[in-house]
Amino acid sequence: MAGMQFPRDELFAPGHRGCAGCGAAIVARLALKAAGKNTIAANATGCLEVMTTPYPETAWRVPWIHVGFENAAAVASGIEGAVAALKRKRQKYGSEKVNVIAFGGDGGTADIGFQALSGAMERGHDMVYIMYDNEAYMNTGAQRSGSTPFMASTTTSPAGSHIRGENRPKKDMPMIMAAHGIPYIATASISYPEDFMNKVKKACEIDGPAFIQIMQPCTTGWGYPAENTIEIGRLAVETGLWPLFEIENGEFKLNYRPLKRKSIDEYLKMQKRYRHLTPADISKIQEAIDLKCQEYGL
Amino acid sequence: MCEIKVITGTSAAAEAAKLADVDVIAAYPITPQTTCVEKLAEFVSNGELDAEYIKVESEHSAMSACIGSSAAGARTFTATSSQGLALMHEVLFSAAGMRVPIVMMNANRALSSPINIWNDQQDSLAERDSGWIQIYAEDNQEVLDSVIQAFKIAENENVLLPVMVNLDGFILTHTVEPVTLPKQENVLEFIGTYEPKHAYLDPKKPITQGALGDPNYYMETKYAIEMAMKNAEKVIVDVHDEFKEKFKRGYGNGLIECYNLEKAETVIVAMGSICGTIKDVIDAKKKEGKEIGLLKIRCFRPLPIEMIKDALKNAKNIAVLDKSISLGMNKGIVYVDVVSSLKNKKTVNYIVGLGGRDITFEDILEIYTDVETSEDGKTIWLGLKE
Ligand SMILES: Cc1ncc(C[n+]2csc(CCOP(=O)(O)OP(=O)(O)O)c2C)c(N)n1
Ligand code: SF4
């Protein structure tokens, strides 16, 4: 990925209403840079949608549509179908490939939108689904989702005297998508922008469905100062908590191997959602990461 | 120049979608609609219809995909019924709000629970306020003609609203009748092509569709739909006139149909296939020298209330038949809507045929007699068992 040229065009305009330091805005900006102008975006309800399109403003310089919380993948299916039909029947949309990209938060993807996503992937639509994962329902005030990590405190999995935050591990979306047998699956992080953009580019070029899950630190929901977004994102990768990989036509490939995996302490200590953790809790989390890293060969 | 086929109502809807050369179909099966989407799948599979057929995993996704497809400029069709329509509920409002001219066939069927696959009109009437134009067909020919007209109505620049064409489950969906199929070239000439200017997801001219509308803007969008509904009244009449001129068939004025209303003091107001039986009763009574009438509502949204008032001006006893019930009010939905605009008229509400209970010739006769003596404002559940 070295030497990649970052396109100068900004298809995601500055001046959106996201919190300072919001990782979701970075996801959209990088994704559009990589995909280019000939793109149609469908967006699930959530932070990204709300912060970018308060009428009469919009941050999107590509055609963009929002319908509901759970149906970005289904809406994108319809768009993809329409583009195919109209190209064939009425020479619309030109001869160039039109990228259809769906954006969904972790809630809109792993929970309420899961059925529509599974259907769209299984049907083999030529689309890219980008799950921007801030590990909770942020737009409605940081409630837990199926993608909330073990022991994170959210407003519906609050750390109390009896329960230590979220009691279940994070849903493994990449592997669930892999089970759909789609041609391209990847994880990404906003702190590794070249890697993410390469993946978006590849996902657009591939024929058929592609799924990218990108971890996106959220200042408000995770509880850290705005300037730490990139650093926290990087720590998630450097600790092995969030490995960067691709599964291309069934073949697994690790994209980044930290020289020496960092311990998870610092990552956890930087965020309010983990401030209730005891040293014993932290060891438990570390053990789980170590186990997973063994699986991934990290 | 035409072809006559003996087909079911679901086939009539499928044939109409094919004649309209739809670009995208996204649909999910449900009894008694299923044979419609099967037929369309067959057309696509045999190369008789060049369309993308999206085999979605639910009705919610069917409607969502239709919104995406219509917004991307494709002529889009779907079909559903009952629980399927209910599952679409959330996105029906989105479709209307986003002004995408989707056409949908709905096979009217009762809603659970108890589970019941037979006909009543509760499903579509429960979606009355979603911003969809609603047309109710009396027979299979009207199903075919209404679906064709629906595209022209929906895609009209002054309307741009989705249209739902309703047909009674089993009574029409599964009954074969001779249906005249026009030639496709004539249909396409009649409908024209869908050239969206308002909601077209074109990378060359990017627009944002479905933005957040805060309190400063939301009300205006709803008002705009109301105005489009107003415009639709005229467009539906015009489209119907033009259709009649071209294909030599018509259904009243497109919005309502008056049957023997001139002289009748006793009138039934009804929608859908039951109108056929009512017409038979009226004809039989005419032979005996008794003049009774029918006001068939073909278009329930927009509801042509001024026309209805005018059509009922001579009526003394008005029976409103409802295959629906607004629970907690003990009134049918059609009754509530029609009567809210009628003043100084005697109206009686008959709740009939829920969950597919038969409504016979004799039942209609009984209603005509009963309404003359019943008191104003009464609700009668016809044929309710003890
Ligand atoms: C059917 C439905 N249920 C609930 C909501 C309320 N709602 C809107 S956004 C949201 C959470 C979004 O979370 P996520 O997908 O993780 O995206 P984020 O806000 O974190 O970007 C919820 C619960 C809704 N809009 N629609
Ligand atoms: S709550 Fe989080 S995801 Fe939402 S706008 Fe703020 S920082 Fe971004």
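Analysis parameters
- Starting afresh in each chain, residues are numbered from 1 along the sequence in its written order.
- Here chains are named by letter from A upward and ligands by number from 1 upward, in the order in which they appear as written.
- Local features are withheld for residues below a pLDDT of 70 in this predicted model, meaning they are given only at 70 or higher, and side-chain atom pairs are given and counted only at 80 or more; totals for whole chains, interfaces and linings count all residues.
- Excluding hydrogens and water, the side-chain values take into account all heavy atoms of the structure.
- The working definition used for a salt bridge is a side-chain nitrogen of Lys or Arg within 4 Å of a carboxyl oxygen of Asp or Glu.
- Numbering of helices and strands runs from the N terminus; a helix is a DSSP stretch of H or I covering at least four residues, while a strand is a stretch of E covering at least two.
- Only protein chains enter the accessibility calculation, which uses a 1.4 Å probe; a residue is then buried when its area is under 20% of its type maximum, exposed when over 50%, and partly exposed in between.
- To estimate the expected span of a helix, subtract one from its residue number and multiply by 1.5 Å.
- What qualifies as a polar contact is a pair of N or O atoms within 3.5 Å, subject to a donor-acceptor requirement within protein and to the restriction that residues adjacent in sequence count only when both atoms come from side chains.
- We call a residue near a molecule or strand when any one of its heavy atoms sits within 4 Å of it.
- Values of accessible area rely on a 1.4 Å probe in the Shrake-Rupley scheme; residue burial ignores everything except the protein chains shown.
- Any residue outside Ala, Val, Leu, Ile, Met, Phe, Trp, Tyr, Cys, Pro, Asp, Glu, Lys and Arg is labelled polar, Gly included; the first ten of those are nonpolar and the last four are charged.
- As used throughout, domain bounds are those supplied by an automatic or database domain assignment.
- Note on contacts: a residue pair is in contact if any heavy atoms of the two residues lie within 4.5 Å.
- By convention, the term buried area covers the 1.4 Å-probe accessible surface removed from two parts as they join, with the contributions of both added.
- In this scheme Phe, Tyr and Trp rings, the latter by its six-membered ring, pair at centre separations within 6.5 Å, and the angle between planes marks the pair as stacked below 30 degrees, edge-to-face above 60, and tilted otherwise.
- Two conditions define a charge located above a ring, namely a distance within 6 Å from the ring centre to NZ of Lys or CZ of Arg, and an angle within 35 degrees of the ring normal.

Just checking my understanding: could you explain the pattern of salt bridges for this structure?
Side-chain pairing between opposite charges can occur once the charged atoms of the two side chains come close. Residues and elements named next belong to chain B. Per the stated rule, a full pass over the model turns up 49 salt bridges over all chains. The closest approach of N and O atoms between Asp145 and Arg249, which form a salt bridge, is 2.7 Å. Highlighted residues: Asp145 in helix α6 (residues 140-154) and Arg249 in the loop between α8 (218-247) and β10 (256-259), separated in sequence by 104 residues. This pair shows no difference in class: Asp145 is buried, exactly as Arg249 is. Among the ionic pairs, Glu265 bridges to Lys316, the shortest N-O distance being 3.5 Å. Pair noted here: Glu265 is in the loop between β10 and β11 (266-270) and Lys316 is in the loop between α10 (305-311) and β14 (317-322), with a separation of 51 residues, a long-range link. Overlapping salt bridges bring together Glu138, Glu142, Glu257, Lys279, Lys296 and Arg298 as one network.

I would appreciate a short explanation of helix α3 (residues 59-71) of chain B in the present structure.
For an α-helix, 3.6 residues make a turn, and residues three or four places apart therefore share a direction. All names here are of chain B. Taking 1.5 Å per residue, 13 residues should reach 18 Å; α3 reaches 18 Å between its end C-alpha atoms and fits that length. The buried count for α3 comes to 13 of 13 residues, which makes it a mostly enclosed element. For α3, the N-terminal cap is Ser58; the gap from its side-chain oxygen to the backbone nitrogen of His60 is 3.3 Å.

Even after reading the chapter, I still don't get the site of ligand 1, so can you show me in this structure?
Taken together, the neighbourhood of ligand 1 is formed by 18 residues, with Gly107(A), Gly108(A), Tyr132(A), Met138(A) and Asn139(A) sitting nearest. Bordering ligand 1 are residues originating from chains A and B. One of the side-chain N or O atoms of Tyr132(A) is found 2.8 Å from an oxygen atom in ligand 1. Ala136(A) places a polar main-chain atom, nitrogen or oxygen, 3.0 Å from an oxygen atom of ligand 1. For ligand 1, the accessible surface in isolation is 580 Å², of which the surrounding protein chains cover 77%. Considering every element that reaches the shell around ligand 1, the biggest residue donor is helix α4 (residues 106-111) of chain A, with three residues. Here the shell around ligand 1 is built from residues that sort into seven nonpolar, eight polar and three charged.

For this particular structure, what's the right way to read the domain arrangement of chain B?
Where the parts come together, the accessible area they lose is often given as the size of the interface. Residue and element names in this part refer to chain B. The domain boundaries assigned to chain B delineate domain 1 (3-247) and domain 2 (256-381). Computed from C-alpha atoms alone, the centre-to-centre distance between domain 1 and domain 2 is 27 Å. Taken together, the contacts link 30 residues of domain 1 with 28 residues of domain 2. Regarding the contact of domain 1 and domain 2, the summed buried area is about 2,200 Å², with carbon and sulfur atoms giving 52% of it. Of all residues in domain 1, Leu125, Arg128 and Glu138 give up the largest surface area on contact with domain 2, accounting jointly for 28% of the area buried on that side. Across the domain 1-domain 2 interface, the total number found is six salt bridges. The residue Lys296 makes a salt bridge to Glu138 at a minimum N-O spacing of 2.9 Å. At the junction of domain 1 and domain 2, the tally comes to 20 residue pairs in polar contact (both at pLDDT 80 or more). Among the secondary structure elements, those contributing two or more residues to the side of domain 1 that touches domain 2 are α5 (122-125), β6 (133-136), α6 and α8. Tallying contributions element by element places α8 first for the side of domain 1 that touches domain 2, with six residues. Residue composition of the side of domain 1 that touches domain 2, grouped by class: 15 nonpolar, eight polar and seven charged.

Sorry, what's going on with the packing of aromatic side chains here?
The description of an aromatic ring pair uses the distance of the two centres, along with the angle that the planes make with each other. Residues and elements named next belong to chain A. Under the criterion given, the structure shown has 16 aromatic pairs over all chains. On the basis of an interplanar angle of 25 degrees and a centroid distance of 5.2 Å, the ring pair of Phe245 and Tyr296 is categorised as stacked. In this pair, Phe245 is assigned in strand β7 (residues 245-248) and Tyr296 in helix α11 (residues 279-296), connecting sequence segments 51 residues apart. Both residues of the pair, Phe245 and Tyr296, belong to the buried class. Aromatic pair Phe252 and Tyr296: ring centres 5.5 Å apart, planes at 25 degrees, arrangement stacked. Of the two residues, Phe252 is situated in strand β8 (residues 251-254) and Tyr296 in helix α11; the sequence distance between them amounts to 44 residues. Classification of Tyr296 by relative accessible area gives buried; the value is 11%. Each member of the aromatic cluster is reached from another via a ring pair, and the members are Phe12, Trp60, Trp64 and Phe103. Sitting above the plane of the Phe114 ring, Lys171 keeps its charged end 4.5 Å from the centroid. Its end group placed over the ring of Trp222, Arg273 keeps NZ or CZ at 3.8 Å from the ring centre.

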